[in-house]
Amino acid sequence: YTLDGDVATEAGTLAHHRTGVTAVAFSHDGAFLASGDNTKEVVVWDMATKEVKVQGWVYHTSRVTSLSWSPDNIHVASGSIDTNVYVWNVSSPSTRIVVKGAHIGGVGAVAFLDANTLVTAGADCCIRTWDLKV
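None of these values were measured; they are calculated from a predicted model.

The rules we used
- Residues numbered from 1 in each chain as written.
- Predicted model: local features only at pLDDT ≥ 70, side-chain atom pairs only at ≥ 80, totals over all residues.
- Heavy atoms only, no water.
- Helix = DSSP H or I, 4+ residues; strand = E, 2+ residues; numbered from the N terminus.
- Rg over C-alpha atoms; globule rule 2.2 N^0.38 Å.
- Contact = heavy atoms within 4.5 Å.
- Areas by Shrake-Rupley, 256 points an atom, 1.4 Å probe, with all protein chains shown as cover.
- Lys, Arg positive; Asp, Glu negative; His and termini not counted.
- Charge placed at Lys NZ, Arg CZ, Asp CG, Glu CD.
- Buried < 20%, exposed > 50% of the residue type's maximum accessible area, 1.4 Å probe, protein only.
- Phe/Tyr/Trp six-rings, centres within 6.5 Å; stacked < 30°, edge-to-face > 60°.
- Pairing = 2+ DSSP bridges.
- Axes fitted to C-alpha atoms, helices over the stretch in contact; angles between N-to-C directions.

## What about the overall build of the protein?
Now for step 1: Check the secondary structure of the protein and you find zero helices and 13 strands.
Now for step 2: For 134 residues, the compact-globule formula gives about 14 Å, and the C-alpha radius of gyration of the protein, at 15 Å, lands near that figure.
Now for step 3: For the protein, the C-alpha atoms occupy an extent of roughly 45 × 30 × 25 Å along the three principal directions.
Now for step 4: Taking as baseline every contact in the protein between residues at least 6 positions apart, the subset at least 24 positions apart corresponds to 33%.
Now for step 5: Entry remark: accessible area of the protein is about 7,100 Å², with carbon and sulfur atoms responsible for 53%.
Now for step 6: Positive and negative charge centroids in the protein, built from 9 and 13 side chains respectively, lie 11 Å apart.

## What to know about the side chain of Asn84
Now for step 1: Residue placement: Asn84 occurs in the loop between β8 (75-80) and β9 (85-89).
Now for step 2: Judged by its relative accessible area of 7%, Asn84 is buried.
Now for step 3: Apart from residues lying up to four places away in sequence, Asn84 is in contact with His60, Ser78, Gly79, Val99, Lys100, Gly101 and Val107.

## Considerations on the environment of Val64
Now for step 1: Structurally, Val64 can be placed in strand β7 (residues 64-69).
Now for step 2: The exposure class assigned to Val64 is buried, which follows from its relative accessible area of 0%.
Now for step 3: In this structure, the C-alpha to C-alpha distance between Val64 and Val85, residues 21 residues apart in sequence, is 9.6 Å.
Now for step 4: In this structure Val64 touches Thr22, Ala23, Gly36, Asp37, Lys40, Glu41, Val42, Ser78, Gly79 and Ser80, once residues within four positions along its chain are discounted.

## Considerations on the packing of aromatic side chains
Now for step 1: Going through the model one piece at a time under the given rule, you end up with five aromatic pairs.
Now for step 2: Ring plane angle 40° and centroid distance 5.9 Å describe the contact between Tyr59 and Trp88, whose orientation is recorded as tilted. Here Tyr59 is found in the loop between β6 (51-57) and β7, whereas its partner Trp88 is found in strand β9, with 29 residues between them in sequence.
Now for step 3: We classify Trp88 as buried; its relative accessible area is 0%.

## What to know about the sheet that holds strand β11 (residues 107-114)
Now for step 1: One open sheet accounts for three strands, arranged β11-β12-β13; its pairing is antiparallel. Taken across any chain shown, the strands that pair with only one partner, and hence form the sheet edges, are β11 and β13 (127-131). Averaged over all neighbouring strand pairs, the angle between strand axes comes to 25°, with direction disregarded.

## Quick word on the sheet that holds strand β10 (residues 96-99)
Now for step 1: Pairing is antiparallel across the open sheet formed by four strands, whose spatial order is β7-β8-β9-β10. Two strands in the sheet have a free side with no partner beyond their single neighbour: β7 and β10. Averaged over all pairs of adjacent strands, the angle between their axes in this sheet comes to 15°, without regard to strand direction.
Now for step 2: Taken together, the five bridges between β7 and β8 define a ladder with antiparallel strand orientation. Bridging from a neighbouring strand, Ser66 pairs with Gly79 of β8.

## Concerning unusual backbone geometry
Now for step 1: Positive phi, normally seen in glycine, also occurs at Lys50, with a value near 60°.
Now for step 2: Note that Lys50 resides in the loop between β5 (42-46) and β6.
Now for step 3: For Lys50, a relative accessible area of 39% puts it in the partly exposed group.

In structure tokens, the structure reads:
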């Protein structure tokens, strides 16, 4: 939306997901938007063109609950009810890091602390840090 005083005008629509969108995160430079949905898909949008840049990231087995961009805008972390965390590479979409069983009961939040450290929180009442080799 574009805000002009107290009037909001829709600036565009990004349509790709087949079910409800459950998580979104902008890259730090605003060039990309990552979105996740109820059917376990993570999509990356190019905000300049409003087109899908990366699709087919469907390795989660349940709803995506959280997304976070690395400081360099190359990696996107996703968490899910399926207990797993994936770290995706936008420059090389078939490359990924997986943390199986990161949180019993599901992952509620993911956030990059720095380029090589991911922080996650989950239904198991724990906050964990992960050292990544990206």
